[in-house]
Number of protein chains: 2
Amino acid sequence: MKMLLSSRQILAAAALAVLVFVGYPAYGQDDPLPSWNDTPTKKAILNFVGSVTKEGGPDFVAMQERVAVFDMDGTLVPQKPVPIALVPVMAEIRDAVARKPFLGDKPAVAALLKRDEDALHAAGQQGVLDLIAVATDGKTTDEIAQNVQPLLEKENHPKFDVPYAKTVYQGMRELLALLEANGFSNWISSGSPVLVTRELSMEMFDIPPERLIGSNAGTKFDERDGRSVLVFDGTINAINDGAGKPVGINLAIGKRLLVIGGNEGGRGDVAMMRWSKDRNGPSLQLLINHDDAAREYAYAESDGYSLDAARKYGFQVVSMKDDWKTIIGK
Amino acid sequence: MKMLLSSRQILAAAALAVLVFVGYPAYGQDDPLPSWNDTPTKKAILNFVGSVTKEGGPDFVAMQERVAVFDMDGTLVPQKPVPIALVPVMAEIRDAVARKPFLGDKPAVAALLKRDEDALHAAGQQGVLDLIAVATDGKTTDEIAQNVQPLLEKENHPKFDVPYAKTVYQGMRELLALLEANGFSNWISSGSPVLVTRELSMEMFDIPPERLIGSNAGTKFDERDGRSVLVFDGTINAINDGAGKPVGINLAIGKRLLVIGGNEGGRGDVAMMRWSKDRNGPSLQLLINHDDAAREYAYAESDGYSLDAARKYGFQVVSMKDDWKTIIGK
């Protein structure tokens, strides 16, 4: 029996064949990070990638160990005015309340619809459970998932005036491509629900759905009209933030990672960065600093927790203001 | 800056370059499943792989959708006399009891050390928690993980008289290789603890640690001598069996899968097979039937649950007795 080579395989083979004969320009003569200014940050990134991919060099890392994990909101896309996953979640909640108005009486739902952050916070753990219950409202995981991408392509980001699906930071898009071209597997570890994030990751970041780690609600196996489905069971399985992030990474990947990207502003990424830094061997932690009020947003933790950690543990801080020529690409 | 091509990349490129010019023998002129008898089962597998990889054909499936998940114990390796992960877990427990004899007083620990299955069952959920607590006994995840592979290479399987690390079913080894050669990603979904299974999967099955789904205990971020670590927190996070298997697959991969392999004997794989069967488009479910008392073990569920499900839902049953020439390879 003979199997056909797919066109994608042929292209990959042809590209690799060319590389064998002409050498290996992992990113050619061109600057792999054109929207990054020529600052020490850019140099640190390029040096790191060069050193871990230099076979025979002291810092060489085998390809199967080249795994990079990035936070999403505030690291790959803007976190303001709302995390991107909230766009489809809000739409589901508005839709459920329109169908069943009494659902709007739950304190957390009312708070979210009014964007009342204090009331939302006051609703606590029960509030999160209520929001999940209303947003999912008896739907299967398949039904929830299929609504995500269309909503993100339809609704525009208020500041950048492009659909949410197009709000990837240009510098991070280039960094993801650089890593991938150098044999890395890119992953996302986000506080947002994984059911939502994996529906946007391939299109937005070229990261396939099996490389998503995120917060998640419990599901259970069930039947609908004789067909097997998964439905939500009313529990919270994991909140993927702060000290939960190294736990989630270890559960999914089982090792300390070579590259971690996160951001200051929510204290959520320091633990996974520390856990990477304590890897045996080289590693790189990038902390995006939201210091560009003019082109993006300027916000900081009141106690400077993440930036302090960067100094203490040796994370590389990325200044959006100084290190990036462009925020959102065309 | 110039990046070097690793020797592995050069080999891959050369192999692909050759394939472009000479055609694409996904498994050459040779039989890709030499240890399978020429039965309808083998034919069904080869036909399925041929049809989903035939570009332009009605059943063609893009490479990123070609994901195969296999149960481990009883599907890729013998489940008897004990699941393979129990070998290092038993060693950890014996070691802990030797250091702290009072730990042996816990009913579940005493039952396990005496191999008293009834008493083990009677210890229930608390028993499982006790076993985890004693097996981990304050160790970090790194410390537990590093002991697994050496133990499996040292201890021999009582029936096959090779180290446990060498007990892969030859037919399944060939099937994994066939799938991989045809663009599939192979994963494991096992009831055994993922902390253990991912330490043996690369060496035994050529499956990297990030493609392991399994039962797992809760961990928490902590510090030891200023270094960040993960330690067990005394909770059970997931029991990856039965109806929990599609839940675990969906959490890790986020889609219904093209190929599922499982076995009769423990009722544990039917739910994930059904969830795959209800995929939109082609799919293949393989159920290993332990019907070879002479060469392996013969055991069956008292009510024939899994074999009944195979008939009802159209899973392909693999008879170890009739379909396999060899059980464990040399």
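Just above sits the structure.
Residues numbered from 1 in each chain as written. Chains lettered and ligands numbered in written order. Predicted model: local features only at pLDDT ≥ 70, side-chain atom pairs only at ≥ 80, totals over all residues. Heavy atoms only, no water.

Observations regarding the pairing of strand β4 (residues 227-238) of chain B
Residues and elements named next belong to chain B. Across eight bridges, the pairing between strand β3 (residues 212-224) and β4 is antiparallel. Opposite Thr219, over in β4, you have Phe232 as the bridge partner. Counted along the chain from β3 to the antiparallel partner β4, the turn is two residues long, and its residue Asp225 has a positive phi close to 50°. (Pairing = 2+ DSSP bridges. Helix = DSSP H or I, 4+ residues; strand = E, 2+ residues; numbered from the N terminus.)

Remarks on the sheet that holds strand β4 (residues 227-238) of chain A
Residue and element names in this part refer to chain A. An order of β4-β3-β2-β1-β5-β6-β7 is seen for the seven strands of this open sheet, with the pairing classed as mixed. Bordering the open sheet on either side are β4 and β7 (316-319), each of which pairs with just one other strand. Taken pair by pair, the neighbouring strands of this sheet meet at an average axis angle of 35°, ignoring direction. For strand β2 (residues 185-193) and strand β3 (residues 212-224), the ladder comprises four bridges, and the chain directions are parallel. Each residue of the ladder has a partner; that of Ile188, found in β3, is Leu212. Contacts between helix α9 (residues 170-181) and the sheet are confined to β1 (67-70), β2 and β6 (284-289), with β1 contributing the most and set at about 160° to the helix. Strands in contact with helix α12 (residues 270-277) are β1, β2, β5 (259-263) and β6; relative to β5, the strand with the most contacts, it is inclined by about 160°. (Axes fitted to C-alpha atoms, helices over the stretch in contact; angles between N-to-C directions. Contact = heavy atoms within 4.5 Å.)

Some thoughts on the side chain of B:Lys139
Residues and elements named next belong to chain B. Summarising the element assignment, Lys139 is placed in the loop between α6 (124-136) and α7 (141-145). Judged by its relative accessible area of 17%, Lys139 falls in the buried class. Of note is the side chain of Lys139, whose polar atom sits 2.6 Å from the side chain of Glu92. Setting aside anything within four residues of it in sequence, one finds Lys139 in contact with Glu92, Asp95, Arg99, Ile144, Asn147, Val231 and Phe232. (Buried < 20%, exposed > 50% of the residue type's maximum accessible area, 1.4 Å probe, protein only. Polar contact = N/O pair within 3.5 Å; in protein donor to acceptor, adjacent residues only side chain to side chain.)

Looking at the pattern of salt bridges
Scanning the entire structure with this criterion turns up 33 salt bridges over all chains. Between B:Arg227 and B:Asp142 there is a salt bridge, and its shortest N-O distance comes to 4.0 Å. Linking B:Arg227 in strand β4 with B:Asp142 in helix α7, this pair joins segments that are 85 residues apart in sequence. Taking relative accessible area as the criterion, B:Arg227 reaches 28% and is therefore assigned partly exposed. Here B:Asp142 falls in the partly exposed class, since its relative accessible area comes to 30%. If you follow the salt bridges from partner to partner, you end up with A:Glu92, A:Asp95, A:Arg99, A:Lys100, A:Asp137 and A:Lys139 in one network. (Salt bridge = Lys/Arg side-chain N within 4 Å of Asp/Glu carboxyl O.)

Looking at the environment of A:Gln149
Residues and elements named next belong to chain A. By secondary structure assignment, the location of Gln149 is in helix α8 (residues 148-154). Of the residues examined, Gln149 reaches a relative accessible area of 14% and is grouped as buried. Distance in space between the C-alpha atoms of Gln149 and Arg115 is 23 Å, their sequence separation being 34 residues. Once residues within four sequence positions are removed from consideration, Gln149 is found in contact with Ala165, Glu199, Leu200 and Glu203.

Thoughts on the packing of aromatic side chains
Residue and element names in this part refer to chain A. What the rule picks out here adds up to six aromatic pairs over all chains. Pairing Trp36 with Trp324 gives two aromatic rings, centres 5.7 Å apart and planes at 75°, and the pair type is edge-to-face. With Trp36 in the loop between α1 (7-22) and α2 (40-53) and Trp324 in the segment after α14 (320-323), the pair connects residues that are 288 residues apart, well separated along the chain. Comparing Trp36 with Trp324 shows no difference in burial state: the two are buried. Judged by centre distance (5.2 Å) and plane angle (50°), the rings of Tyr169 and Trp324 are tilted. Linking Tyr169 in the loop between α8 and α9 with Trp324 in the segment after α14, this pair joins segments that are 155 residues apart in sequence. Of the two residues, Tyr169 and Trp324, both sit in the buried class. Three or more aromatic residues link up through ring pairs in this structure, and these residues are Trp36, Tyr169 and Trp324. Arg267 extends its terminal NZ or CZ atom over the ring of Tyr305, reaching a point 4.3 Å from the ring centre. (Phe/Tyr/Trp six-rings, centres within 6.5 Å; stacked < 30°, edge-to-face > 60°. Lys NZ or Arg CZ within 6 Å of the ring centre and 35° of its normal.)

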